[in-house]
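Commentary on secondary and tertiary structure
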Amino acid sequence: MNCEDFVTQPEKHSRGIPLHTKILIGLVVGAVVGLIANFAASKSPAAAGVIRGAAINVAEPLGKVFLRLVIMVVVPLVFSALTLGVMELGDVRRLGRVGLRTLGFTMILSLSSVAIGIGLVRLLQPGASLTPDQQQQLNERFSPQAGTSEAKAEKAKNVRDTLLDLLPENPLQEMVGAVDGSSPGNGMLAVMVFSLVIGVAITMSPERTQPLVQVLQGMFDVSMTVIGFAMKLAPYAVACLLFSVTSQMGLDILLILLRFVATVLLGLGLQMFVVYPILLVTSARLRPITFFKQVSEAIFTAFGTSSSNATLPTSLRVAREELKLKPEVSQFVLTVGATANQNGTALFEGVVVLFLAQVFGVELTLMQQITVVLMAVLAGVGTAGVPGGSIPLIIIVLKTVGVPSQGIALILGVDRLLDMCRTTLNVTGDLVLAACVSRTEERGDKSIPERALD
Ligand code: ASP
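Let me sum up the structure you'll find in this document. (Residues numbered from 1 in each chain as written. Predicted model: local features only at pLDDT ≥ 70, side-chain atom pairs only at ≥ 80, totals over all residues. Heavy atoms only, no water.)

**Concerning the site of the ligand**
Filter applied, for reference: When at least one non-hydrogen atom of a residue lies within 4 Å of a molecule or strand, that residue is treated as near it. Polar contact is the term for a pair of N or O atoms within 3.5 Å; when the atoms are in protein, one must be able to donate a hydrogen and the other to accept it, and sequence-neighboring residues count only if both atoms are side-chain atoms. Working definition: helices are DSSP H or I runs of at least four residues, strands are E runs of at least two. Numbering for both runs from the N terminus. Residue classes follow a fixed rule: Ala, Val, Leu, Ile, Met, Phe, Trp, Tyr, Cys and Pro count as nonpolar, while Asp, Glu, Lys and Arg count as charged, and any other residue, Gly among them, counts as polar.
In the vicinity of the ligand, 16 residues are found, and the nearest of them are Ser308, Thr345, Asp419, Arg422 and Asn426. Residue Ser308 places a side-chain N or O atom 2.4 Å away from an oxygen atom belonging to the ligand. Within the side chain of Thr345, one N or O atom sits 2.6 Å away from an oxygen atom of the ligand. A total of 4 residues in the shell around the ligand trace back to one element, the largest contributor, which is helix α22 (residues 415-444). Taken together, the residues of the shell around the ligand break down into 3 nonpolar, 11 polar and 2 charged.

Okay, structure coming up:
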């Protein structure tokens, strides 16, 4: 998937402050003005009326413009990104055993990261400290019935039907319903499964389907450009939506945000410093400390750029020159991994959705939580390796499980920091994957003697 970085693209044109700094400024301005308004409202009922009016009639509609621009292209974006992602994975067949090992390790890494993220949110409950009154206020403001009616509709379905509905009978109907929650099946999850099927089908006859691939690539690029327009509005949208929330909730909501950041960082840390070392020792026969030293250049590049795609050339060099992995294996694994193996992104997406469900007091059924896990794993395949690539996917998962999507504004202001950290995990995960596949491959080759831990 070749696409311009849709967040830094606008940055190139606007001299001066980079976009992510503007978004952070938006967060601070919105929060500070909101807190002052909250204080003023507690002192005078007249001021409270004016502030409420400003929030409802000015701040919220402006904030929604940003969301609508993203949502309007989310279906073509998910469809094209996932189909193209699967197509790239489709090379798996050509590479036989290496391909299968890549797929196997990718599944293990993605599932473990999503499980860690979701486990931590359930354990630490970072978004659960609002009172039922505050939650009701938030819901009234942001989604009059979304949280309740959609959740009820989901509850009514049994496991058998939910699983069957993963395969859509009418994909177009699912696409239409994915955004407004009216789909008869699983909405966006069904669209994702449809994209997987089409992606696999394309790999079966790559020559004849070239025109379709070009259309999909065009669709993907155009969707990213529209999201680029939305991102230009993001600083103002974040300021507006934060004003609207803090003017009602005061400081409570900001404390919750801090707990959210801590939860994400803890999850990323566990995957990085517990799961990866275990795999490195058991499968790649590498000493974790040596490994981390050898790949440090890629780690720093990922942290600085927030983009797996931009870090790919460094990862390729590190794999060849530092880790001394077989180039034919590492090249394939790292290229596929930059798109398909995004552990940090998958973990983040799962955490955001469950966190916002807690903030808005939306009870997710077991089936909905499984949906979040599946969508987070698939979103790891479909998310572009660019700064903020996961935002459109998160909005659609929120919509699928009935959590108000405006809630995304809460986390957008801190997204750049978390993006730097999750991209670091994404890239390190790709290198772990390359090391595991390459070393298990060598061990499969009986002509190479078994080595001790390097
Ligand atoms: N920035 C991430 C990457 O490039 C994608 C995301 O999670 O937003 O890997």
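**Quick notes on the packing of helix α6 (residues 97-124) against helix α17 (residues 327-340)**
Using the following cut-off: Between N-to-C directions, angles cover 0 to 180 degrees, with each direction set by a line fitted to C-alpha atoms, over the stretch in contact for helices. Under this scheme an angle from 65 to 115 degrees is roughly perpendicular, one under 35 degrees roughly parallel, and one over 145 degrees roughly antiparallel; angles in between are oblique. Should the near helix be turned anticlockwise from the far one by less than a right angle, the crossing is left-handed, and should it be turned clockwise, the crossing is right-handed. Contact criterion: two residues are considered in contact whenever any of their non-hydrogen atoms come within 4.5 Å of each other.
In contact at an axis separation of 11 Å, α6 and α17 are set at 40 degrees when each is read in the N-to-C sense. For the element pair α6 / α17, the angle class is oblique. The way α6 lies across α17 gives a crossing that is right-handed. Residue-level contacts link Val98, Gly99, Thr102 and Thr106 of α6 to Val329, Phe332, Val333 and Ala340 of α17. In the contact of α6 with α17, the residues fall into 5 nonpolar, 3 polar and no charged.

**Topic: the nonpolar core**
Keep this limit in mind: Working definition of a nonpolar core: buried Ala, Val, Leu, Ile, Met, Phe, Trp, Tyr and Cys residues. They are joined through side-chain atoms within 4.5 Å. Throughout this description, buried means an accessible area under 20% of the type-specific maximum (1.4 Å probe, protein chains only), exposed means over 50%, and partly exposed covers the range between.
Grouped together as the largest cluster of nonpolar side chains are 129 residues, with contacts concentrated most on Phe66, Phe260, Phe291, Val359, Val403 and Leu431. A per-element tally of this core places helix α12 (residues 210-249) first, with 14 residues. Excluding residues within four positions of it along the chain, Phe291 makes contact with Leu280, Leu286, Leu323, Thr428, Leu431, Val432 and Ala435. By size, the runner-up hydrophobic cluster in this structure holds 6 residues, among which are Ala37, Ile51, Ala55 and Ala59.

It is worth stressing that arrangement in space is one thing and function is another; only the former is reported here.
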